[in-house]
Amino acid sequence: MRFSFGDQSNKDFRACLGAWVVMEIVGFGIMPLIKVVPSENVGRWFLLSLPLGLGGAFLVGLTSDFVNRSQSDDFVGSRRAWSWIGQIGSWFGLAGVGFPMIIAITYLLRSFGNLKT
């Protein structure tokens, strides 16, 4: 049996990859440029987000394939278990894809917390 993403899994992978690239540009490009996020750790966060984003997009596509296969008529096994594995894996993948914005929003909220009235 050869492994390949189905149509929906491929769409999910590409959508997550595109969203991750946009979040990389906003979180590590634009926000440090306008001084919303401090720029001293951007290189380190960027290097950390590369495997998290790429791996997260792959994990979302893979787990989407798990859910699709578990819903097919010729599936042998526990549909509920595979569906749960797919859903939990998708959330971990989305956390990896969203890592740049998680970091940027954390710094943004810290800067709002440092404001004095």
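Since the model is a prediction, treat every value here as computed from it, not as a measurement.

Calculation rules
- Residues numbered from 1 in each chain as written.
- Predicted model: local features only at pLDDT ≥ 70, side-chain atom pairs only at ≥ 80, totals over all residues.
- Heavy atoms only, no water.
- Phe/Tyr/Trp six-rings, centres within 6.5 Å; stacked < 30°, edge-to-face > 60°.
- Helix = DSSP H or I, 4+ residues; strand = E, 2+ residues; numbered from the N terminus.
- Buried < 20%, exposed > 50% of the residue type's maximum accessible area, 1.4 Å probe, protein only.
- Lys NZ or Arg CZ within 6 Å of the ring centre and 35° of its normal.
- Polar contact = N/O pair within 3.5 Å; in protein donor to acceptor, adjacent residues only side chain to side chain.
- Axes fitted to C-alpha atoms, helices over the stretch in contact; angles between N-to-C directions.
- Parallel < 35°, antiparallel > 145°, perpendicular 65-115°, else oblique.
- Left-handed = near helix turned anticlockwise from the far one by under 90°.
- Nonpolar A, V, L, I, M, F, W, Y, C, P; charged D, E, K, R; others polar.
- Contact = heavy atoms within 4.5 Å.
- Expected span 1.5 Å × (residues − 1).
- Arc of directions from axis to C-beta.
- Core = buried A, V, L, I, M, F, W, Y, C linked by side-chain atoms within 4.5 Å.
- 1 Å grid on protein atoms, 1.4 Å probe; cavity = no way out; pocket = protein on both sides within 12 Å on 5 of 7 lines; lining within 4 Å.
- Points joined across faces, edges and corners; volume = space filled by probe spheres on them.

Thoughts on the packing of aromatic side chains
- Per the stated rule, a full pass over the model turns up one aromatic pair.
- Look at Trp-45 and Phe-99: their rings are 5.9 Å apart centre to centre, the planes differ by 55°, and that puts the pair in the tilted class. Pair noted here: Trp-45 is in helix α2 (residues 42-70) and Phe-99 is in helix α4 (residues 99-113), with a separation of 54 residues, a long-range link.
- Note on Trp-45: relative accessible area 25%, which makes it partly exposed.
- For Phe-99, a relative accessible area of 12% puts it in the buried group.
- Directly above the ring of Tyr-107 sits Arg-110, whose terminal nitrogen or CZ lies 5.5 Å from the centroid.

Overview of the side chain of Ser-49
- Structurally, Ser-49 is set in helix α2.
- Assessed through its relative accessible area of 0%, Ser-49 is described here as buried.
- Here the side chain of Ser-49 touches Glu-24 through a polar contact of 2.4 Å, side chain to side chain.

Considering the packing of helix α1 (residues 7-33) against α2
- For the pair α1 and α2, the least separation of the axes is 8 Å and the interaxial angle reads 160°. The angle between the axes of α1 and α2 places the two elements in the roughly antiparallel class. The way α1 lies across α2 gives a crossing that is right-handed.
- Broken down by class, the residue content of the contact of α1 with α2 amounts to 14 nonpolar, seven polar and three charged.

Examining the packing of α1 against helix α3 (residues 79-97)
- Between α1 and α3, the shortest axis-to-axis distance is 9 Å and the interhelical angle comes to 30°. Here α3 runs roughly parallel to α1, going by the angle between their axes. Contacts from Cys-16, Trp-20 and Met-23 of α1 reach α3 at Leu-94, Gly-96 and Val-97.

Some remarks on α4
- Taking 1.5 Å of rise per residue, 15 residues should cover 21 Å, and α4 covers 21 Å from first to last C-alpha, within 8% of that figure.
- Those residues of α4 that sit buried are Phe-99, Pro-100, Ile-103, Ala-104 and Tyr-107. One side of α4 holds all its buried residues, which, seen down the axis, span an arc of 140°. Opposite the buried face of α4, by more than 90 degrees, sit the exposed residues Leu-109, Phe-112 and Gly-113.
- Elements that come into contact with the buried residues of α4 comprise α1, α2 and α3.

Some points on the nonpolar core
- Residues Phe-28, Met-31, Val-37, Val-42, Phe-99, Ile-103, Ala-104 and Tyr-107 constitute the largest nonpolar core, which totals eight residues.
- The next biggest cluster of nonpolar side chains, apart from the first, holds six residues, and it includes Trp-20, Met-23, Val-60 and Val-97.

Thoughts on empty space enclosed by the protein
- Going through the model one piece at a time under the given rule, you end up with one cavity of 30 Å³ or more.
- Within this model, the largest cavity holds a volume of roughly 50 Å³.
- Around the largest cavity sit Gly-27, Phe-28, Pro-32, Val-37, Pro-38, Glu-40, Asn-41, Val-42, Trp-45, Ile-103 and Tyr-107, which together line it.
- Mapped onto the lining of the largest cavity, the elements with two or more residues apiece are α1, α2 and α4.
- Ranked by residues supplied to the lining of the largest cavity, first place goes to α1 with three residues.
- Residues that form the lining of the largest cavity fall into these classes: eight nonpolar, two polar and one charged.

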